[in-house]
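# Observations on the model geometry
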Amino acid sequence: MKTPNFLKNYTLPLLREQIRALGEQQFRAAQIFDAVYSHKVNNFDDIATLPKNIRVRLNEEFVFSSIRLQKVQESADGTKKFLFELFDGRAIETVLIPSEMVTEEGTPKRMTICVSTQVGCPLNCQFCATASLKLKRNLATAEIVDQLLEVQKYIGKKITNLVFMGMGEPMLNYDNVMNAVSIFTYGEEPLLGSKRITLSTAGVIPGIIRMADEKSPIKLAISLHATTNGLRNAIMPIARKYDLKQLGDAIEYYYRKTRRAITYEYILFNEINDSELDAKRLAKFTRRVPSKVNVIPFHDIEFTNPTGIAADLKPASDEKFRTFIRLLQNNDVTVMIRSSSGEDIDAACGQLAFSNAVADNVVQQYSELQL
Ligand code: SF4
């Protein structure tokens with residue numbers, strides 16, 4: 001099925017080209033951008049700054065919205081999970097996590113959206129439910145942008161932070177993800193500041209190098225989860241292509257180019273990666289550049305009927321969790337603990353999956369994304 005010509009696929013320079021190709025003046029592109037992203041109009045007819053004939057033309061040439069909200073589930077802790085249907089009948093999930101910290105008015109200080117970048121994922125991380133879906137396709141830029149716009153419209157509040165940590169590996173859809181970043185950060189009052197956007201990768205090195213060379217303004221997080229090549233190869237097959245030495249070198253290169261600190265994600269698995277030696281190796285690996293480590297509890301993904309090593313992955317006990325944190329702190333690592341939330345709606349970051357396009361799904365999400 002051919003992808004429709006979604007308006008929100010286009011960054012401002014690309015939209016100018018489109019508008020020029022229609023025989024209209026380029027400044028119309030900025031008017032469209034202001035209307036769509038600053039004034040949040042919902043269709044071309046509401047763009048009052050455009051003459052009617054141009055609005056008619058836009059309606060003929062472009063499709064305004066790329067996703068359709070199918071279902072929302074809300075956790076007792078306020079985490080919300082959104083199921084969106086795509087133009088080809090496929091579906092994606094997006095998670096919204098309010099921070100526990102609140103303003104004087106009692107509203108969450110941060111509203112973080114966890115955005116998907118692919119339908120499914122090809123990387124087959126053994127702890128991840130999305131892997132069971134395999135890769136269906138990359139999302140178009142518009143399908144990424146519309147996740148934020150639709151969720152913001154639904155909640156009627158501004159989203160303050162965004163993580164590319166939903167379904168899919170963002171580095172494998174690099175151009176569309178970065179075009180979405182360009183749209184999110186457009187203008188004097190952008191939808192989001194670049195410092196409030198984080199891209200999380202399983203360790204796709206060409207993407208890390210590209211972000212470094214392009215001096216990408218957003219933040220980078222690395223899903224590490226293991227400190228030896230043997231274990232990393234077993235639980236994250238992408239590690240067979242890019243080993244820890246190559247990953248560490250790429251991260252150092254990124255830091256030299258951008259001077260931006262790294263966030264490492266480390267899910268703690270019982271008796272797998274939670275030893276004192278693991279903590280020491282993790283401290284050594286992360287010491288190469290300024291960084292912090294998010295230690296994350298693991299949530300069973302029994303619903304995917306895991307086999308092999310995936311079936312052996314169990315959460316570390318609370319005591320082991322506390323011990324591991326202490327060991328890291330004793331080794332001068334800045335540690336953030338992610339407490340689980342949204343469990344009552346089966347909600348968790350990077351672990352999104354569903355049994356079919358509009359049916360029940362399983363996700364898990366962590367409450368306190370320390371961005
Ligand atoms: S953890 Fe991320 S990269 Fe790995 S399979 Fe899941 S979605 Fe893909």
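## Details of the overall build of the protein chain
Across its full length, the protein chain holds 11 helices and 14 strands. Structurally, the protein chain occupies a C-alpha span of about 70 × 50 × 45 Å along its principal axes. Put simply, 67% of the contacts in the protein chain that link residues at least 6 apart link residues at least 24 apart.

## Some thoughts on helix α1 (residues 12-21)
Buried within α1 we find Leu15, Arg16, Gln18 and Ile19. When α1 is viewed along its axis, its buried side chains cluster within an angular range of 165° and face the same direction. Looking at α1, the residues exposed on the side facing more than 90 degrees away from the buried face are Pro13, Glu17 and Ala21. Packed against the buried residues of α1 are α2 (27-38). One or two residues past the end of α1 sits Gly23, with phi positive at roughly 85°.

## Some thoughts on the packing of α1 against α2
Between α1 and α2, whose axes approach to 8 Å, the crossing angle comes to 125°. For the element pair α1 / α2, the angle class is oblique. As α1 packs across α2, the resulting crossing turns out to be right-handed. Contacts from Leu12, Leu15, Arg16 and Ile19 in α1 reach Arg28, Ala29, Ala30, Ile32 and Phe33 in α2. Residue classes in the contact of α1 with α2 are distributed as 7 nonpolar, no polar and 2 charged.

## A few points about the environment of Thr307
Secondary-structure assignment places Thr307 in the loop between β11 (291-297) and α10 (309-312). Since 9 C-beta atoms lie within 10 Å of it, Thr307 is described here as exposed. Residues Thr307 and Ile155 lie 152 residues apart in sequence; the distance between their C-alpha atoms is 39 Å.

## Thoughts on the environment of Pro108
For Pro108, the position within the fold is in the loop between β3 (91-98) and β4 (111-115). Pro108 has contacts with Pro98, Ser99 and Val102, leaving out every residue within four places of it along the chain.

## Some thoughts on the nonpolar core
Core analysis: the biggest nonpolar cluster contains 103 residues, and Leu148, Leu162, Phe184, Tyr266 and Leu268 have the highest contact counts within it. There are two domains that each give this core at least three residues, and those are domain 1 (7-61) and domain 2 (67-364). Those residues in contact with Phe184 that sit more than four places away from it in its chain are Leu148, Leu162, Pro190, Leu191, Leu192 and Ile197.

## Some words on the domain arrangement of the protein chain
Each assigned domain of the protein chain is listed with its residue range as follows: domain 1 (7-61) and domain 2 (67-364). Partitioning the side of domain 1 that touches domain 2 into residue classes produces 4 nonpolar, 3 polar and 1 charged.

## Notes on the sheet that holds β4
Across the sheet, which stays open at both edges, the 10 strands sit in the order β1-β2-β3-β4-β7-β8-β9-β10-β11-β12 with mixed pairing between neighbours. Two strands lie at the open edges of the sheet, namely β1 (67-74) and β12 (335-337), each paired on one side alone. Strand-to-strand twist in this sheet, taken as the mean axis angle between neighbours without regard to direction, amounts to 25°. Summarising the sheet, β1 and strand β2 (residues 80-86) pair through 7 bridges and their orientation is antiparallel. Within β2, the position partnered with Lys71 by the bridge is Leu83.

## Focus on unusual backbone geometry
The backbone phi angle of His225 is positive, close to 65°, even though this residue is not glycine. Looking at the element boundaries, His225 is found in the loop between β9 (219-223) and α7 (229-235). By the C-beta count within 10 Å, which is 26 here, His225 ends up buried. Unlike most non-glycine residues, Glu271 shows phi in positive territory, near 60°. Checked against the element boundaries, Glu271 lands in the loop between β10 (262-268) and α9 (276-286).

## Quick word on the pairing of β3
Within β3, 8 of the 8 residues are buried, which leaves it mostly tucked inside the rest of the structure. Both faces of β3 are covered, namely the face carrying Ala91, Glu93, Val95 and Ile97 and the face carrying Ile92, Thr94, Leu96 and Pro98. Relative to β3, β2 runs antiparallel, the two sharing 6 bridges. In the strand pairing of β3, Lys80 is matched with Leu96. In this structure, the hairpin formed by β2 and β3 is closed by a connection of 4 residues, where Gly89 is found at a positive phi of approximately 85°.

## With respect to the packing of α9 against helix α11 (residues 318-330)
Running from N to C, α9 and α11 cross one another at 40°; their axes reach a closest spacing of 9 Å. With respect to their mutual orientation, α9 and α11 come out oblique. Note that α9 runs across α11; the crossing there is right-handed. Residue-level contacts link Glu276, Ala279, Leu282 and Ala283 of α9 to Phe324, Leu327 and Leu328 of α11. Along the lines of polarity and charge, the residues of the contact of α9 with α11 split into 6 nonpolar, no polar and 1 charged.

Criteria and thresholds
Residues numbered from 1 in each chain as written. Predicted model: local features only at pLDDT ≥ 70, side-chain atom pairs only at ≥ 80, totals over all residues. Helix = DSSP H or I, 4+ residues; strand = E, 2+ residues; numbered from the N terminus. Contact = placed C-beta atoms within 7 Å. Buried ≥ 20, exposed ≤ 12 C-beta atoms within 10 Å, placed from the backbone. Arc of directions from axis to C-beta. Axes fitted to C-alpha atoms, helices over the stretch in contact; angles between N-to-C directions. Parallel < 35°, antiparallel > 145°, perpendicular 65-115°, else oblique. Left-handed = near helix turned anticlockwise from the far one by under 90°. Nonpolar A, V, L, I, M, F, W, Y, C, P; charged D, E, K, R; others polar. Core = buried A, V, L, I, M, F, W, Y, C linked by C-beta atoms within 7 Å. Domains from an automatic or database assignment. Pairing = 2+ DSSP bridges.

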